[in-house]
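Chain by chain, the residues run as shown.
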Amino acid sequence: AGPGSYTVGTMSERFDCHYCRDPLQGKKYVQKEGRHCCVKCFDKFCANTCIECKKPIGADSKEMHFKNRYWHDNCFRCFKCYTSLVNEPFMLRENNKVWCSNCTATADAPRCKGCFKPIIAGDQNVEYKKMVWHKDCFTCSQCKQVIGSGSFFPKGDDFYCVSCHENKFAKTCAKCKNEQPWHSECFICSNCNKPLGGKRFTAVEDQFYCVECYKECVAKKCAGCKNPITGFGRGTSVVNYEDESWHDYCFKCTKCARGLANKRFVCHNGKIYCAECPKRL
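Residues numbered from 1 in each chain as written. Predicted model: local features only at pLDDT ≥ 70, side-chain atom pairs only at ≥ 80, totals over all residues. Heavy atoms only, no water.

Caption draft 1: Up close: the overall build of the chain. A count of helices and strands for the chain gives four helices and 17 strands. Within the span of the chain, comprising 281 residues, buried residues form 36% of the whole. A sequence separation of at least 24 residues applies to 22% of the contacts in the chain between residues at least 6 apart. Just so you have it, the chain exposes about 17000 Å², and 46% of that area is on carbon and sulfur atoms. (Helix = DSSP H or I, 4+ residues; strand = E, 2+ residues; numbered from the N terminus. Buried < 20%, exposed > 50% of the residue type's maximum accessible area, 1.4 Å probe, protein only. Contact = heavy atoms within 4.5 Å. Areas by Shrake-Rupley, 256 points an atom, 1.4 Å probe, with all protein chains shown as cover.)

Structural data, given as structure tokens:
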């Protein structure tokens, strides 16, 4: 926003500059706090100092201000990527530096355990035991194929797809330890105790669940449609942002319904919008 504490105009009456006493009639002048002064004296005595370049913001300059801090309009840029923040959402961070919403999200984002790059809100990702991966970085330790949101077996610091786990470790029953693959009576749902042999299941915290129990007891609920995010069928990808989760197809702009998974978005009053719609509110 521009300055609200002074006005600039051309003097039509007989006034002298408050500081240098030069006549102002017919000249450009500045009025601030009831005092009239010439542009030169305003720049010298009254102008605010730009917090970025440390130079005065003259009467002929466009001024931006926020919480008693002032910038030239061309100095009001993201500290990280130098994008102009005039008419753009921003955050004031440490050392009074302003950041665009995109760089703020990147700096605050958790790091992928696979590639160590930030996981931006809206990215498809996988969470397990307070660790997080990009969906495409969550791979089988044996065959290196992407597990994504599919079923897997944890083993120490490694993760195995169902096929590789069976080939590498299925010499003894994981429950009773007898020298056979999983006994049908041992491979059961941790919640309802129904056999899982030949059925779809998922592993969470070293426990195994049938689809129904996973939906009811374990799966996160989508903040959009309120249904469980299961990893089965449509909507296998999940979007996480500030302790809430969405199916990727439910993560969309509140106003125009544009899908926002893997796209830039803005959170306003607790609602998600595309980058354009908040400007129309």
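Caption draft 2: Just the environment of cysteine 37, in detail. Inspection of the secondary structure puts cysteine 37 in strand 3 (residues 35-38). On the accessibility criterion, cysteine 37 (2% relative accessible area) is buried. C-alpha of cysteine 37 to C-alpha of phenylalanine 15: the two residues are 22 residues apart in sequence and 8.8 Å apart in space. Each residue touching cysteine 37, except ones within four places of it in the same chain, is listed here: Cys17, His18, Tyr19, Leu24, Tyr29, Val30 and Phe42.

Caption draft 3: Just the pairing of strand 13 (residues 207-210), in detail. As judged from the four bridges shared by strand 12 (residues 201-204) and strand 13, these two strands associate in the antiparallel manner. Its bridge partner lying in strand 13, alanine 203 is registered against phenylalanine 208. Where strand 12 hands over to strand 13, the hairpin turn is made up of two residues, of which glutamate 205 adopts a positive phi near 50°. (Pairing = 2+ DSSP bridges.)

Caption draft 4: Just unusual backbone geometry, in detail. In this structure, arginine 21 takes a positive phi of about 70° despite not being glycine. Looking at the secondary structure, you find arginine 21 in the loop between strand 1 (6-10) and strand 2 (28-32). Even without a glycine there, the phi angle at lysine 144 is positive, about 65°. Tracing the sequence through the fold places lysine 144 in the loop between strand 9 (131-134) and strand 10 (152-155). Residue classification places lysine 144 among the exposed residues on the basis of a relative accessible area of 56%.

Caption draft 5: Region of the structure containing the pairing of strand 3. Relative to strand 3, strand 2 is paired through four bridges, and the arrangement is antiparallel. From the neighbouring strand, glutamine 31 faces strand 3, where its bridge partner is histidine 36. Counting the residues that bridge the hairpin from strand 2 to strand 3 gives two residues, and of these glutamate 33 lies at a positive phi of roughly 55°.

Caption draft 6: Broad picture of the pattern of salt bridges. Counted by the stated rule, this structure contains two salt bridges. Among the salt bridges present, the one from lysine 97 reaches glutamate 52, with a minimum N-O distance of 3.7 Å. Taken together, the residues span a long stretch of sequence, with lysine 97 in strand 7 (residues 97-100) and glutamate 52 in the loop between helix 1 (39-46) and strand 4 (63-66) at a distance of 45 residues. Relative accessible area serves as the criterion here: at 36%, glutamate 52 is assigned to the partly exposed category. The salt bridge involving glutamate 127 is made with lysine 220; its shortest N-O contact spans 3.3 Å. Separated by 93 residues along the polypeptide, glutamate 127 in strand 8 (residues 125-128) and lysine 220 in the loop between helix 4 (211-218) and strand 14 (238-241) bring together distant segments of the chain. For glutamate 127, a relative accessible area of 44% gives the class partly exposed. Relative accessible area serves as the criterion here: at 40%, lysine 220 is assigned to the partly exposed category. (Salt bridge = Lys/Arg side-chain N within 4 Å of Asp/Glu carboxyl O.)

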